[in-house]
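Listed below, chain by chain, are the residues.
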Amino acid sequence: MTEGGRWIGAPVPRKEDEALLTGRARFIDDMEPVPGIRHAALLRSPHAHAEILSIDVSKAASHLGVYGVLTGADIAAATRPIPSAVRVPIDYYPMAVGKVRYAGEPVALVAAGDRYVAEDALDLIEVEYRPLPPVIDVKAATRDDSPLLHEAVGSNVVHHRTFRYGDPDKAFEEADRVVRLDWTFPRYSSTPMETYGAVAQFEPAPDRYTIWSNFQGPFILHALMCGALEVPGNRLRLITAPQSGGSFGIKQGIFPYLVLLATASRLLGMPLKWIEDRLEHLVASSSASNREDAVEAAFKDDGTLIGLRFFNTVDVGAYIRAPEPASVYRMHSASNGAYGVGNISVDNRLVTTNRLPIGLNRGYGGPQFFFALERAMEAGARALGLDVAEIRRHNFIPKDAFPYRAPAGSLYDAGDYEAGLDKALDLADYAALCAGRDRARKEGRLFGIGMATAVEPSGSNMAYVTLAQTPEERARAGGRSGGLATCTISIDPSGAVTVKTVSTPAGQGHATVAAQIVADALGLTPDDIDVMTEVDTLTSAWSLASGNYANRFSSVVIGAIGEAARRVADKVRAVAAEDLEVAVQDIELADGTARIVGVPERSLPFRRVAARTHWHPAGLPDGMAPGVFETAIVSPPELGPPDDRDRVASAVTFGFICDLAAVEIDPGTGKVEVRKYVSVHDVGNVLNPLIVEGQIVGGFAHGVGGALLEEMVYDADGNPISGTLTDYLCVTASEMPRLTIGHVDTPSPHTALGSKGMGDGCSMLAPVAIANAVADALGREDIDPPFTLNRVWDLAAEGGGAG
Amino acid sequence: MLRIEPGARHRVTVTVNGRLYSGFAEARTLLSDFLRHELKLFGTHVGCEHGVCGACTVNIDGRAVRSCLLFAVQADGAEIGTVEGLATDGVLSPLQEAFRRRHALQCGFCTPGILISATQFLETNPDPTEDEVREMLSGHICRCTGYEGIVRAILDVAGDAS
Amino acid sequence: MKPAPFEYCRADTLDEALDLVAEFGSDAAVLAGGMSLGPMLNMRLARPAAIVDVNSVADLSGIRLVGDAVETGALCRQADALDSALVGDDVPLLARALPFVGHFQTRNRGTLGGSVCHADPSAEIPLALATLGGDVVLRRKGGMRAVAAHDFFKGIFTSVREPDEIVTALRWPRSEPKTGHAFDEIAQRHGDFAIGAAAAVATVAPDGSLAAVSLGLGGIEDRPVLADLSGFVGAPATARTASEAAALAAGRVDPMVDPRASAAYRRQLVRVLGARVLERAFERAGARQC
């Protein structure tokens, strides 16, 4: 406990840990919530692009132990397509109908007594395909002569919008120096250790679907699922498992399977369980987008960045699946990054290809966006002969400019970017590092230093995805705004406190932090407080934005927790004030008691006071409702709708990150060794330093993976060739570079506790910081991650390129 | 010689965490599935079923091994240790305690396998270097922690023991 | 991701095992550690009618000295070989290769014989065996043969083992005096199958010249290959010789191409790793200066 009895800010060990450490925590595959469960397995397309000529399920259906077989046609006949924010004629069903559009797309479902038999039956399904030319290369997909995935759209470019803020053309005319970079950003995925899983049950009279799963939200997708199932919201009950084995966003992508399993449960008349296996996960769950992007940056000779042009070509995979195209709009309204540049244009093209549909993945759009901006800053520095740190310092939004309205509409809450930069330079011992680089180069070694900075958005505005629509389309669709969070705190007749956060964590320690907050408000300890984090859409207080994504817990959810706790505290204090015959403002809650301020011996046990609201309603102060059951619903007022010039405040808080990487490349093998990595964060007030540090290191691991190892590779025919964990290379303990973490924390005025959302962290910056260091080491700017052995050796062997 | 026809159910008896269990398995039933779905010991997790991620690691006759790469019938008669057996009378083992102190777990899905490996590793190598710890850990994938807390926790216990 | 049905046959003696492989022939898969077979079964890439589990066959275990060779039973676990003083003293190349094999947890179960039978071209144990000129001992009902490792491997996952044969042991020539060994590999991650691996054995004469030298290469071609370095016998055991020998080897290999590495890159690894392991072997053999 910290000074003054506050739990917030203390490194409180997690409430979650004991159950997890002893094997008692329950995940979705541990659950058998209803009797009579049958097990589903999915037949998946072996082709990237093919017409389905026929499917013969007769042998499978008559196999011993099989209870039913369904095909895409069965599902399509019983559901409506799942919509997205992009209004194009694409009928997206959770199972292929008539045509397969990526290798791994579900083609048929078998329900059997166990998974082994279900897979046996998959072997017995006969599908006749007519292969079609695959569309894998994103740029080629945009050409008029490309084969089409969705004929009704008439193009593989399913979305194209351009945006202008300020006067970018004028800025580029006035520039002393313009740098342009083109690159390919790889497709990779966070691959949580627990895969997707769900149990779906349909019950008639009244018709109701109940689904237990490790879905994580956003619960705006609940509305889309209801649309596909053609039921009102109260007839689709989603219940999340008590524990989720990691997500990093990707478990959002389970929702089409929930529609599929719900429908299959209804059509077959039995509850169904499906646990995605690792092979399914690696070819057919979801991933971040691969992109073919370019950026142009206009500089004055002194290093002032006066204009930016982004050209984004985003491979969304075979379907545009909600909440896409959000990945390209999440960072949009912060397109200036940490810099004061006011003239920006953005050209977004979303392209369908015969790859797995994309979705939420750690950093969601951030790694790609900051790759553009921060590669451009560094290339600009080199072109102008400036130091890579100083060019950034020169362009930072100054600390007295906050709150700062970004050109594309974001409202940056607080920051001191220069202090963050200085901290990073200090921790890296930058001068010595540069001197070391000079020495290394004299010895003929390939040594490079790279930096990157980011603003880290948190607490998404549900409306930012509507930037995909024109202002006119938005007006027709009706207003959208906000990002609700909810929390319920109840005290039962024994006086025990239960908090429901509806925040579906997957390892982020929400229960611990919620308990810290409530403990402070009620004068209790975190051990006194039980926290339920799961969602049950029939019994929880929830809304569209509920769930776990976009770092929203420590920016938005804590506001709801704090508000509910305040109301509970007020009520308990009022009851105690009556008992102790003092004014309510004279009562404080501390040390498990309600007591008179300054007279601590005049106290009542908290539990007894709270319990009295149940046991003796007639004895409560006049007008007070009995019991304690407080639900707070908050939506940050900053999150308004997009305006008619496409400006929107897309997030509540904007943290700051400054990373510095030093690498050495072995010219003999192409191995990139990260010699030093420093990361400085502004997360506002730290709620639990243990958890904050864990998130930072974890995000770093994802960023390192994206930079050095991980890629979902497809061959020219569209076959996924990284479909096992021996081919998709997750970082292991032996590959992790040492990370030095620093903090420069400026409290957020937008949140209840001054904290900012965090968690994407270095997953957004490690790819570009390491890329900048590799570019510096190799003396060339034409480099694409991941920096795997052969690729880097090729680059090193070719010698200096564009740089 | 023992022969089990395809599809036949065979009785498998094992000692798990010191307690005798008996259940049925087909020839092809993976030990991981047997532990979880037949014996209802859900503490052991399944992450990849091809021997890479290490989540399903259990101790068999003194050694940490992948339970997804063993058939249940092969374990007949074996002494098996799983995560459920690491704490004694509700008291966490020093390693479990160190994991909590060092925030060595987030989602906790990979944790049971890592605890089993690290426990046996420390039995055979009580005073490892950090590189040795990382080498042992490279047989597990954790996507949450970046491994830092796990390495510290194992080194804490090694340091205390030596 | 569950195995297709199969008949499970547990052999308790070698004779039972030989009967079973004779009965099923190519419809059987022999199960030792299962570190390679297990994933293939789970992914249904292998669908044998029968699994012949030899883990209970006592005759297949152990590490012993037989004449001039160390004989490891096919079932010898990789972890046991790594812990074995006999291996460490008499087959130092294997001891140096084993830490690169998989992980702590897979070495606990994985066997030496299983790795050899699997015949992955980038596997470390086959490379060590081929480099040392060891033998693979095979048994069938009423017969036995020893095949030189060099002749045993026939391509990716392919060997001369007949369906009715079981590998029972590996024979590792004992290390000679004044002989140094080295093993190294390049993989994208620790514990992965190598993109390229190299093993070297060198004997240095009192005058500092090479009395004998072998360089084995794994992951480069479709099976472990030995570079012909006979021309370097008599050359000084120096870094320069190591580098020249590796360059010669690099020029003679016919590398595989896959998504991880081009032919040029694999050739480069032969140069880099070859020079590295040769130089280390020279040093360990007592060469004065490198």
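Residues numbered from 1 in each chain as written. Chains lettered and ligands numbered in written order. Predicted model: local features only at pLDDT ≥ 70, side-chain atom pairs only at ≥ 80, totals over all residues. Heavy atoms only, no water.

1. Notes on the overall build of chain C
The test is simple: Secondary structure counts use DSSP, requiring at least four H or I residues in a row for a helix and at least two E residues in a row for a strand, with both numbered from the N terminus. The globule rule is 2.2 Å times the number of residues to the power 0.38, and the radius of gyration it is compared with is taken over C-alpha atoms. Any two residues whose heavy atoms approach within 4.5 Å are treated as being in contact. All accessible areas in this document rest on Shrake-Rupley with a 1.4 Å probe, and a residue is counted as covered only by the protein chains that are shown.
A tally of helices and strands in chain C yields eleven helices and 14 strands. For chain C, the C-alpha radius of gyration of 19 Å lies close to 19 Å, the compact-globule estimate for 290 residues. In terms of overall dimensions, chain C has a C-alpha envelope of 60 × 45 × 30 Å along the principal axes. Looking at chain C alone, contacts between residues at least 24 apart form 63% of all its contacts between residues at least 6 apart. Accessible surface for chain C amounts to roughly 10,400 Å². Of this, 49% is attributable to carbon and sulfur atoms.

2. A few points about the side chain of A:Ser554
Residue and element names in this part refer to chain A. As a reminder of what qualifies: Only protein chains enter the area calculation, which uses a 1.4 Å probe; residues under 20% of their type maximum are buried, those over 50% are exposed, and those in between are partly exposed. Polar contact is defined as a pair of N or O atoms within 3.5 Å, subject to the rule that within protein one atom must be able to donate a hydrogen and the other to accept it, and that residues adjacent in sequence are counted only when both atoms are side-chain atoms.
Looking at where Ser-554 falls in the secondary structure, it is placed in helix 17 (residues 553-580). On the basis of relative accessibility, which here comes to 13%, the residue Ser-554 falls in the buried class. At 3.0 Å, the side chain of Ser-554 forms a polar contact with the backbone oxygen of Lys-756. Beyond its immediate stretch of four places on either side in the chain, Ser-554 contacts Leu-687, Ser-755, Lys-756, Gly-757 and Met-758.

3. Focus on the interface of chain A and chain B
To be explicit about the condition: Two parts placed together each lose some accessible area under a 1.4 Å probe, and adding up what both lose gives the buried area. Note on definitions: salt bridges are taken to be side-chain nitrogens of Lys or Arg within 4 Å of carboxyl oxygens of Asp or Glu.
Taken together, the contacts link 51 residues of chain A with 49 residues of chain B. Carbon and sulfur atoms make up 57% of the surface buried where chain A meets chain B, a total of about 4,100 Å² over both sides. Of all residues in chain A, A:Leu21, A:Tyr116 and A:Met193 give up the largest surface area on contact with chain B, accounting jointly for 20% of the area buried on that side. Our count for the contact surface shared by chain A and chain B stands at seven salt bridges. The salt bridge involving A:Asp29 is made with B:Arg36; its shortest N-O contact spans 3.0 Å. If you look at where chain A meets chain B, you find 22 residue pairs in polar contact (both at pLDDT 80 or more). Every element with two or more residues in the side of chain A that touches chain B is listed here: helix 1 (17-21), helix 4 (115-122), helix 9 (278-284) and helix 19 (689-708) of chain A. Here the side of chain A that touches chain B takes eight residues from helix 19 of chain A, the largest share from any one element.

4. Examining the environment of C:Val136
All names here are of chain C. Its location among the elements puts Val-136 in strand 6 (residues 135-140). Once the C-alpha coordinates of Val-136 and Ala-74 are considered, the two residues, 62 residues apart in sequence, prove to be 9.2 Å apart. Beyond its immediate stretch of four places on either side in the chain, Val-136 contacts Val-116, Leu-129, Arg-145, Ala-146, Val-147, Ala-149, Phe-152, Val-167, Ala-169 and Leu-170.

5. A few points about the environment of A:Leu42
Residue and element names in this part refer to chain A. Mapped onto the elements, Leu-42 comes out in strand 1 (residues 38-44). We classify Leu-42 as buried; its relative accessible area is 7%. With sequence-adjacent residues up to four places away left out, Leu-42 is seen in contact with Met-95, Pro-106, Ala-108, Leu-109, Leu-122, Tyr-257, Leu-260, Trp-274 and Glu-280.

6. Observations regarding the packing of helix 11 (residues 366-384) of chain A against helix 20 (residues 762-778) of chain A
For any two helices packed against each other, one specifies the crossing angle of their axes together with the interaxial distance. Residues and elements named next belong to chain A. Using the following cut-off: For helices, the axis comes from a line fit to the C-alpha atoms of the stretch in contact; other axes are also lines fit to C-alpha atoms, and the angle between any two N-to-C directions lies between 0 and 180 degrees. With respect to orientation, any angle under 35 degrees is reported as roughly parallel, any angle over 145 as roughly antiparallel, any angle of 65 to 115 as roughly perpendicular, and every other angle as oblique. By the definition used in this description, the sense in which the near helix is turned from the far one sets the handedness, with an anticlockwise turn below a right angle giving left-handed and a clockwise turn giving right-handed.
Between helix 11 and helix 20, whose axes approach to 8 Å, the crossing angle comes to 30 degrees. Classed by the angle they form, the pair helix 11 and helix 20 counts as roughly parallel. Taken as a pair, helix 11 and helix 20 cross one another with a handedness that is right-handed. Residue-level contacts link Gly-366, Pro-367, Phe-370, Phe-371, Glu-374, Arg-375, Glu-378 and Arg-382 of helix 11 to Ser-763, Met-764, Leu-765, Pro-767, Val-768, Ala-771, Asn-772, Ala-775 and Asp-776 of helix 20.

7. Let's talk about the domain arrangement of chain C
For clarity, the threshold we go by: For each domain, the first and last residues come from an automatic or database assignment.
Segmentation of chain C into domains returns domain 1 (7-51), domain 2 (62-173) and domain 3 (180-289). One C-alpha centre belongs to domain 1 of chain C, the other to domain 3 of chain C; they are set 36 Å apart.

8. Focus on the packing of aromatic side chains
We count it as follows: Between the rings of Phe, Tyr and Trp (Trp by its six-membered ring), a pair exists once the centres lie within 6.5 Å; its type follows the angle of the planes, with under 30 degrees stacked, over 60 edge-to-face, and the other angles tilted.
The full count for this structure, using the stated rule, is 26 aromatic pairs over all chains. With centroids separated by 5.1 Å and ring planes inclined at 85 degrees, the aromatic side chains of A:Phe27 and B:Phe109 adopt a geometry described as edge-to-face. With one member in each of two chains, A:Phe27 in the loop between helix 1 and strand 1 and B:Phe109 in the loop between helix 2 (94-101) and helix 3 (111-124) form a pair that bridges those chains. In terms of burial, A:Phe27 and B:Phe109 fall into one category: buried. Seen in terms of ring centroids, A:Phe202 and A:Tyr209 are 5.0 Å apart; in terms of plane orientation they differ by 50 degrees. Their pairing is tilted. A relative accessible area of 16% means that A:Phe202 is categorised as buried. The exposure class assigned to A:Tyr209 is buried, which follows from its relative accessible area of 2%. These aromatic residues form a ring-pair network of at least three members: A:Tyr339, A:Phe396, A:Phe402, A:Tyr417 and A:Phe656.

9. Brief notes about the sheet that holds strand 1 (residues 7-10) of chain C
The cut-off we apply is this: When DSSP locates at least two bridges between a pair of strands, those strands are taken to pair.
Across the sheet, four strands lie side by side as 1(B)-1(C)-3(C)-2(C); this open sheet has mixed pairing. This sheet does not close on itself; its edge strands, each paired only once, are strand 1 (2-4) of chain B together with strand 2 (28-31) of chain C. For this sheet, the mean angle separating the axes of adjacent strands, direction not counted, is 15 degrees. Of the pairings in the sheet, the one linking strand 2 of chain C to strand 3 (residues 50-53) of chain C comprises four bridges and is parallel in character. Pairing of C:Ala28 across the sheet is with C:Ala50, part of strand 3 of chain C.

10. Let's talk about the nonpolar core
To keep it simple, the criterion reads: Grouping buried Ala, Val, Leu, Ile, Met, Phe, Trp, Tyr and Cys residues that are joined through side-chain atoms within 4.5 Å yields what is termed a nonpolar core.
Formed by 232 residues in total, the largest nonpolar core has its most connected members in A:Leu109, A:Tyr412, A:Tyr677, A:Ile770, B:Phe99 and B:Ile154. In this structure A:Tyr412 touches A:Ala334, A:Asn336, A:Gly337, A:Ile397, A:Phe402, A:Pro403, A:Tyr404, A:Ala406, A:Tyr417, A:Val455 and A:Phe654, once residues within four positions along its chain are discounted.

11. Some words on the interface of chain C and chain B
Rule in force here: Only Asp, Glu, Lys and Arg are considered charged in this grouping, and only Ala, Val, Leu, Ile, Met, Phe, Trp, Tyr, Cys and Pro are considered nonpolar; every other residue, Gly among them, is considered polar.
Contacts between chain C and chain B engage 39 residues on the former and 34 residues on the latter. Across the interface of chain C and chain B, roughly 3,100 Å² is buried in total on both sides, 53% from carbon and sulfur atoms. Of all residues in chain C, the largest losses of buried area upon contact with chain B belong to C:Tyr8, C:Phe104 and C:Gln105, amounting jointly to 23% of the total for that side. For the interface between chain C and chain B, the tally reads six salt bridges. Put simply, C:Lys2 and B:Glu49 hold a salt bridge, and the shortest N to O gap is 2.6 Å. Our count for the contact surface shared by chain C and chain B stands at 23 residue pairs in polar contact (both at pLDDT 80 or more). For the side of chain C that touches chain B, the secondary-structure elements that each account for two or more residues are strand 1, helix 1 (14-24), helix 2 (37-42), helix 3 (78-83) and helix 6 (104-107) of chain C. Along the lines of polarity and charge, the residues of the side of chain C that touches chain B split into 17 nonpolar, ten polar and twelve charged. Bridge analysis of strand 1 of chain B against strand 1 of chain C gives three bridges, and the strand direction is antiparallel.

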